[in-house]
Amino acid sequence: DAGITQSPRHKVTETGTPVTLRCHQTENHRYMYWYRQDPGHGLRLIHYSYGVKDTDKGEVSDGYSVSRSKTEDFLLTLESATSSQTSVYFCAIRRTSGGTNTGELFFGEGSRLTVL
Amino acid sequence: AQSVTQLGSHVSVSEGALVLLRCNYSSSVPPYLFWYVQYPNQGLQLLLKYTSAATLVKGINGFEAEFKKSETSFHLTKPSAHMSDAAEYFCAVSEGGANNLFFGTGTRLTVIP
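My aim in this report is to walk through the structure given alongside it, one point at a time. Small disclaimer: the values here were computed from a predicted structure and weren't measured. (Residues numbered from 1 in each chain as written. Chains lettered and ligands numbered in written order. Predicted model: local features only at pLDDT ≥ 70, side-chain atom pairs only at ≥ 80, totals over all residues. Heavy atoms only, no water.)

## Comments concerning the overall build of chain A
Inclusion rule: Here a helix means four or more residues in a row that DSSP labels H or I, a strand means two or more in a row labelled E, and each is numbered from the N terminus. Exposure classes here rest on a 1.4 Å probe applied to the protein chains alone. A residue is buried below 20% of its type maximum, exposed above 50%, and partly exposed in between. Residue contacts are defined here by distance: any two heavy atoms, one from each residue, within 4.5 Å place the two residues in contact. In this description, accessible areas are obtained by the Shrake-Rupley approach with a 1.4 Å probe, and a residue is regarded as covered only by the protein chains that are shown. The charge count treats Lys and Arg as positive and Asp and Glu as negative. His and the chain ends do not count. We put the charge of a Lys on NZ, of an Arg on CZ, of an Asp on CG and of a Glu on CD.
Summing up its helical and strand segments, chain A has 0 helices and 11 strands in all. Burial statistics for chain A: of 116 residues in total, 51% are counted as buried. A separation threshold of at least 6 residues defines the contact pool for chain A, and within that pool the share at least 24 residues apart is 55%. For chain A, the computed accessible surface area is about 5400 Å², with 47% contributed by carbon and sulfur atoms. Separation between the mean location of the 13 positive side-chain charges and that of the 13 negative ones in chain A comes to 1 Å.

## Overview of the packing of aromatic side chains
To keep it simple, the criterion reads: In summary, the pairing rule links any two rings of Phe, Tyr or Trp, Trp by its six-membered ring, whose centres are within 6.5 Å, and it sorts them by plane angle into stacked for under 30 degrees, edge-to-face for over 60 and tilted for everything else. Put simply, a charge is over a ring when the Lys NZ or the Arg CZ is close to the ring centre, within 6 Å, and near the line of the ring normal, within 35 degrees.
Summed over the entire model, instances satisfying the criterion amount to 16 aromatic pairs over all chains. Geometrically, the ring pair formed by Y48(A) and Y50(A) is tilted, given 6.3 Å between the ring centres and 50° between the ring planes. Ring geometry for F90(A) versus F107(A): centroids 6.5 Å apart, planes at 85°, classification edge-to-face. Of this pair, F90(A) sits in strand β9 (residues 87-97) while F107(A) sits in strand β10 (residues 100-107), and the two are 17 residues apart along the sequence. Residue F90(A) is classed as buried on the basis of its relative accessible area, which comes to 2%. Residue F107(A) is classed as buried on the basis of its relative accessible area, which comes to 8%. Grouped by ring-pair contacts, the aromatic residues Y31(A), Y33(A), Y35(A), Y48(A), Y50(A), F90(A), F107(A), F34(B), Y36(B) and F103(B) constitute a single cluster. Directly above the aromatic system of Y31(A) lies the positively charged group of R94(A), at a separation of 3.7 Å from the ring centroid.

## Focus: the sheet that holds strand β8 (residues 73-78) of chain B
All names here are of chain B. What counts, and what does not: By definition, two strands form a pair when at least two bridges between them are found by DSSP. Here, axes are lines fitted to C-alpha atoms. For helices the fit covers the stretch in contact, and angles between N-to-C directions go from 0 to 180 degrees.
The strand order across the open sheet built from 5 strands is β1-β3-β8-β7-β6, with neighbouring strands paired in antiparallel fashion. Two strands in the sheet have a free side with no partner beyond their single neighbour: β1 (3-7) and β6 (56-58). Neighbour to neighbour, the strand axes of the sheet diverge by 20° on average, direction disregarded. Examined bridge by bridge, β6 and strand β7 (residues 64-68) share 3 bridges and lie antiparallel to one another. Looking across to β7, one finds that K58 is bridged to E64.

## Observations concerning the sheet that holds strand β8 (residues 73-78) of chain A
All names here are of chain A. Taking strand neighbours across the sheet as the criterion, the 4 strands line up as β1-β3-β8-β7 in an open arrangement whose pairing is antiparallel. Here the strands that pair on one side only, and so sit at the sheet edges, are β1 (4-7) and β7 (64-70). If you compare each strand with its neighbour and ignore which way they point, the axes differ by 20° on average. Direction of pairing for β7 relative to β8: antiparallel, over a ladder of 5 bridges. Its bridge partner lying in β8, Y64 is registered against L78.

Here's what the structure looks like:
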């Protein structure tokens, strides 16, 4: 258990509506990530954060924004949802071991979003 | 640039048979390599990782993988498949010290009784 909670776990919305997904961690890790998972594409990085108010884009960031006002929370927002954003969204954190970046990520349980 | 290729989107094996899931990577610097497993409706769980120590890496549930630099491969194996191994498996690469992982497209393993 990596202490990651995603909410909501399931959401159905309509095209054009805003959607916010929340990732909450209990272990005070600096790095947090949002990925989307689609059949035939594996997982692709949307955005990541390396500290409070410090974020950067991933390979599929168009149509998404993020915010991190507290260490424990990383929010993903779809300003105007489209059907192409129907996906399963995973939050992840990166742990270090004794201050060393060992590279692996630990994932939440996922949030399934359907845009009609 | 980093990338991962997983050969075969679906693999079927009989219970008790050898499991071999293939992963090839590209990286401009020595990579960190990972295998993750995903059971239905769950997140990804780390199976094992290579971070430039021993080239043969042992993971959980009897899986292991061998880093072969000359072949740019990191194939996942298990000597004897169990029904509980049925899942989707993802290979991932990170250039050492980089901020994120790049994932392959996944291989779904089916175990036939």
